Amino acid sequence: MDQALTEVNMTADAPVGEVVEASTTELVTQCHELYESPSLGALIKTGGEDTVYGVVAEVATRSLDPGRRPVAMGARESDVEAIYSSNPQLGRLLSTEFRSVIVGHMADGCLNRYVAPLPPKIHDMVYPCHEGEAREFSGSLHFLPLLLSAQVGSPDDVAAAFLRGVSRSHVDSRAFLVDAGRELASLLGGDIHRLNGILRRLSHD
Amino acid sequence: MTEPDIFGTPERLGMVVAGSLTDGVEVRLYGGASIEDVKVGTFVTLQGDRARFFGVVTDVSLRATDQALVSMPPDVSDPYIASVVSGTAAYGVIKVEPMLIQDIEGPMPSKTVPSHFATVSPASEEDIALVFGAEGERNFWIGSPLDMESKLCLNIQSLVERSNGVFGKSGTGKTFLTRLLLIGILQSNSAVNLVFDMHGEYGWEGSAEGHRKVKGLKQLFSSKVAVFSLDEESSKRRGLTPDYVVRIGFDEVEPEDIEILCGILDLSSVAADAAYSLERHYGRRKWLGEFLNLEGRESLFDLADAISVNGNALARLHNRLSRLKRFGFMDEKGHSSVDRILEYLDRGMHVVLEFGRYGSNLAAYILVANLLTRRIYARYMERKERASGDPSIEPRPLVITIEEAHKYLTSDIASHTIFGTIAREMRKYNVTLMLVDQRPGDIDEEVMSQLGTRITCLLDSEKDVTSVLAGAPGGRKLRSVLSRLESKQQALVFGHAVPMPVVIETRTYGTPESYRELGWKDAVELKAQMERDAADLFGSGEA
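A quick note: this is a predicted structure, and the numbers were derived from the prediction, not measured. (Residues numbered from 1 in each chain as written. Chains lettered and ligands numbered in written order. Predicted model: local features only at pLDDT ≥ 70, side-chain atom pairs only at ≥ 80, totals over all residues.)

Peer 1: For the overall build of chain A, give the residues involved together with the corresponding values.
Peer 2: What chain A contains, in helices and strands, is eight helices and seven strands. Here the C-alpha radius of gyration of chain A, 18 Å, is about what a compact globule of 205 residues would show, namely 17 Å. Taken along the three principal axes of its C-alpha coordinates, chain A extends 55 × 40 × 30 Å. Looking at chain A residue by residue over its 205 residues, the buried ones come to 37%. (Helix = DSSP H or I, 4+ residues; strand = E, 2+ residues; numbered from the N terminus. Rg over C-alpha atoms; globule rule 2.2 N^0.38 Å. Buried ≥ 20, exposed ≤ 12 C-beta atoms within 10 Å, placed from the backbone.)

Pasting the structure below:
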C-alpha cells in the first residue's frame, strides 16, 4: 500500500462530470459539458468519501433521450461549429458519457490498487487526476490485470493508452514503459499475439 | 512497478524454479542477466531458505512462455519490444547441478536441492576459498574457475592418496597440467615423484607453443629433483649431465616384463608363455641372455623340443626379443638401477627418467617403465609389510607418472601389468599412479574406476568422454561441460582432491613471474638469499 494522496490534490481541480451508473468494477460518468470528457486511458477519481480511481475505457456522446435519435442538420451550414452555434439546444439534447474501469481506491488513508468494496454513489463528482497523482498511482502496476480483463470494447487499447499517458508523468518515461512492458509480458506470457499488439502500441510513443 | 529483483543484478543470476536431485535444478534467469554470459562449467551458489548450496552449470537453454513466440517471433527490430520481451516472454534457463551444501563443518556433498525460488549467483572469491581451500602447504593452486581471478586449489594430500589421471586430446595442455601437479606434489612434501618422461618434458625443460622452451622441474627445484637418463647421448647433446644413466641388464628382465609387450611386439600368448618355459630351462637371471645368444633356426627348434614349446612360436619370440639388443641401454649384466632410483626416492628426491631417443619407441618405454615399477613396487610392498603399521619406518608415498597408458593398460592386459595392480590396490603400499593419456577410452575400465582424481582437458571422442566420466557423480551432466572445454588451458577436475567437479583455467606456466610464484629464484635473488643465510648462520662479518 502506498502513501495517501494529498487531500489538496483531490479537490483542487474542477469536476468533469458526475457518476450516473456505478458498480464495484466500473462506473459511468456523465460529463458536465458536451464533449468535455477525459481521453481514453486517462486516470480519474471520484470525489466522495472514499475516493475510487478509474481508467477511462470508453467514451460516448449520444442523445439524452434514447428514443430521439439526432438527425443530420448541416445541409445549409458550412461546418460543424456553425451547426452548434445555430442550434444551441443541442447542448441540452446530447450528452457525453464515459465508462471507467475501477482500478483502485482509498481506504483508511491508504491507496489500494484493486477494486473498492463498494461502488461510488450516483452523482459523486468525478475529477481528472493530475500528473503527480498519475505518477504516484502508477508507482506499482499490480492493477494491470483489472485493465486487461475489463469488459470493454478494446481493453488492450485502454491499457496501452493508460501506460502511454502516465509514462509522461515519469522522469524517465522510457524506463517506465520498459518496466511496464515487462509486467505485461509476465501477465500475457501465454498470449504472445496480444502482448505484441500492446507493445507495438507502446513503442510508437 | 515489478520487483527490481526480476531484472537481476550482476550478483544475482536467477532463481530456482524446478528440478530434482537426480536431474539438477532449473534456474530461470532474471531479465537483466544475459544468457550469453553464463557458461557451462561455471561455479555458482544457490541460496535457499535455510541452506547455501554450491553447484555447477551443466546446461543452458532458451525458453518461451508461449510457443507462438517460437513460430512468430516478436518484432525485435524495435529496440523497445526487444528489451521488453527478452528475459520475460522469452527467457533463459540454466541447469545447475547442486554439488555441495554448506554445513557447520564446511561444505558437504549435497543430498537435497535448494527450495523453490532460491537465488542463484555466480560464486565469489570467498566461496571458492571456502570450498576448495586457501593456497597453502596442502592446497596447491592449480588454476582459476572460469571467468574468475581467484585461486582454485587442489588438495595434494588427497591427490597422492589415490591414483590419478590427466586426460585430454593431444595439444590441450596435459603436459602443462601434469608438470604443475608434479610441482604441487613436490612442494607439499606429501610424496615423491617418479616420472617416466617419454618425451623429455618434465626433467630439464619442456616445450611450449612456438618452439618456446619452459623450465622443467630440475631447473626450478634443482636440489629436490634428479634427472635420470636412458640415453646419455641425447642428454649430452643438450649440454646436460644426467644425475644417473640408467642401464638394464638382460639378467634383470623377467618373463612378466615380456608379457606386457605382447601387443607391441605382436607376440601370441603361446610365444609369451614360452618365456616362462625358457626361464625354467635356463634359470632366473640367465634366460634372456642365453636365449638371445642362440643363433640359427635349428638351435631354436632343438630348444623348442627340449622345453616342449611350439618351435615357430619360440622362433618368433627370439626374433622379436632380438630387438631388445638394439636398445643401447640394455646389456648383458645388471646395474641395479632400481637401487639407485630407490636411494634417491628415499632421500626425498624426485626422479625424472628421461627416455631421450627411446621415448619414441613404445616397446622400450613400456619395458623400462614396467620393469622398474615392478621392482620398485615389490620393494615398497616388502618395506610396507615390514613396517606393519609403524608410520616412522614406512616408505615415503610414491607417485609414478606414466604416459600413453592406453597402449598397455588395455582391458586384455591391464590385469597382468604392475600398473593395473597398483591402480587396483590404491594406496595400500604407498605407491600410486598418475596416468597421462589422450585415449582414456582404451584404458581398462577397472583401472579407470579406481582413479581418485581425474583432471581432463578437452576430449571429443564419445568413448573417451564416457570412460573418463564413468562413475563420477553427475557424470551424465558433466558430459556437456567436458565436451565444451576450450582446446587450451582449460580442464575439468573432479574426484578425490576437489570437493566438487569444477572447470579450471590452468594457471600460467612458463613466464618468469609464474616461475617466481612457484618459488623459483633467479641468480641475483639466489645470491642474496645465500648471503642472508650465511649471515644468519655465521653472523655478519662486523660482529
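Moving on, there is more to tell.
Peer 1: So what's going on with the overall build of chain B? Residues and values would help.
Peer 2: If you tally the helices and strands in chain B, you get 21 helices and 23 strands. For chain B, with 543 residues in total, the buried portion stands at 45%. In chain B, the share of contacts with a sequence separation of at least 24, taken over all contacts with a separation of at least 6, comes to 69%. (Contact = placed C-beta atoms within 7 Å.)

Peer 1: Can you explain the packing of helix 15 (residues 362–387) of chain B against helix 16 (residues 418–425) of chain B? Please cite residues and give values.
Peer 2: All names here are of chain B. Contact geometry of helix 15 with helix 16 gives a least axis separation of 9 Å together with a crossing angle of 45°. It follows from the interaxial angle that helix 15 and helix 16 lie oblique. When helix 15 is examined against helix 16, the residues Asn370, Thr373, Arg374 and Tyr377 are found in contact with a partner set consisting of Ile418, Phe419 and Ile422. For the contact of helix 15 with helix 16, the per-class residue count stands at four nonpolar, two polar and one charged. (Axes fitted to C-alpha atoms, helices over the stretch in contact; angles between N-to-C directions. Parallel < 35°, antiparallel > 145°, perpendicular 65-115°, else oblique. Nonpolar A, V, L, I, M, F, W, Y, C, P; charged D, E, K, R; others polar.)

Peer 1: Summarise the interface of chain A and chain B; cite the residues concerned and give the values.
Peer 2: Contacts between the two partners involve 21 residues from chain A and, on the opposite side, 16 residues from chain B. Mapped by element, the contributors of at least two residues to the side of chain A that touches chain B are helix 7 (173–187) and helix 8 (192–203) of chain A. A total of eight residues in the side of chain A that touches chain B trace back to one element, the largest contributor, which is helix 7 of chain A. Among the residues forming the side of chain A that touches chain B, the class breakdown is eight nonpolar, nine polar and four charged.

Peer 1: Got a sec to walk through the domain arrangement of chain B? Specific residues and values, please.
Peer 2: Residue and element names in this part refer to chain B. Per the domain assignment, the segments making up chain B are domain 1 (4–123), domain 2 (153–246 + 335–510) and domain 3 (251–326). If you average the C-alpha positions of domain 2 and of domain 3, the two centres end up 31 Å apart. With 11 residues of domain 2 in contact, the opposing surface of domain 3 contributes 12 residues. Partitioning the side of domain 2 that touches domain 3 into residue classes produces seven nonpolar, three polar and one charged. (Domains from an automatic or database assignment.)

Peer 1: Explain the pairing of strand 7 (residues 125–128) of chain A to me, and be specific about the residues and the numbers.
Peer 2: On any regular strand, side chains alternate: one points to one face of the sheet, the next to the other face. Residues and elements named next belong to chain A. Across two bridges, the pairing between strand 1 (residues 17–22) and strand 7 is antiparallel. Bridge pairing in strand 7 places glutamate 18 opposite methionine 125. In this structure, strand 3 (residues 43–46) lies alongside strand 7, joined through three bridges in antiparallel fashion. Within strand 7, the residue paired with isoleucine 44 across the bridge is proline 128. (Pairing = 2+ DSSP bridges.)

Peer 1: Could you give me a rundown of the nonpolar core, with the residues and numbers involved?
Peer 2: Formed by 207 residues in total, the largest nonpolar core has its most connected members in Leu147(A) and Val158(A). Look past the residues within four positions of Leu147(A) in its chain and what remains in contact with it is Val55(A), Val101(A), Val103(A), Pro155(A), Val158(A), Ala159(A) and Phe162(A). (Core = buried A, V, L, I, M, F, W, Y, C linked by C-beta atoms within 7 Å.)

Peer 1: Go over the sheet that holds strand 14 (residues 225–229) of chain B with me, naming the residues and quoting the values.
Peer 2: Residues and elements named next belong to chain B. Here we have 12 strands laid out as an open sheet, ordered 9-8-23-22-21-10-20-19-11-18-14-15, and mixed in their pairing. Since the sheet does not close on itself, it has two edges, and those belong to strand 9 (152–155) and strand 15 (244–245), each with one partner. Bridging between strand 14 and strand 15 involves two bridges; their strand directions are parallel. Residue phenylalanine 228 lies in a different strand from strand 15, and its bridge partner there is tyrosine 244.

Peer 1: So what about helix 8 of chain A? Which residues, and what values?
Peer 2: An α-helical turn contains 3.6 residues, so any two residues separated by three or four positions project in the same direction. Here helix 8 of chain A is 12 residues long and its end C-alpha atoms lie 16 Å apart, about the 16 Å a rise of 1.5 Å per residue gives. The complete set of buried residues in helix 8 of chain A reads Ile192(A), Leu195(A), Asn196(A), Ile198(A), Leu199(A) and Leu202(A). (Expected span 1.5 Å × (residues − 1).)

Peer 1: Before we move on, can you summarise unusual backbone geometry with the specific residues and values?
Peer 2: Backbone geometry at Glu404(B) places phi at a positive 50°, although glycine is not the residue there. Tracing the backbone through its elements, the reader meets Glu404(B) in the loop between strand 19 (398–403) and helix 16.

Peer 1: Provide a residue-level description of the pairing of strand 19 of chain B, including the pertinent values.
Peer 2: Residue and element names in this part refer to chain B. In terms of burial, strand 19 is largely enclosed, as six of its six residues are buried. Of the two faces of strand 19, both are covered, the one formed by Leu398, Ile400 and Ile402 as well as the one formed by Val399, Thr401 and Glu403. Pairing of strand 11 (residues 192–197) with strand 19 involves four bridges; the strand directions are parallel. Opposite valine 192, over in strand 19, you have leucine 398 as the bridge partner. Note that strand 19 and strand 20 (residues 431–437) share six bridges and pair parallel. Within strand 20, the position partnered with isoleucine 400 by the bridge is leucine 433.

Peer 1: Report on helix 19 (residues 475–483) of chain B, specifying residues and quantitative values.
Peer 2: Listed as buried for helix 19 of chain B are Lys477(B), Leu478(B), Val481(B) and Leu482(B). On an axial view of helix 19 of chain B, the arc spanned by its buried residues comes to 145°, and they lie on one face. (Arc of directions from axis to C-beta.)

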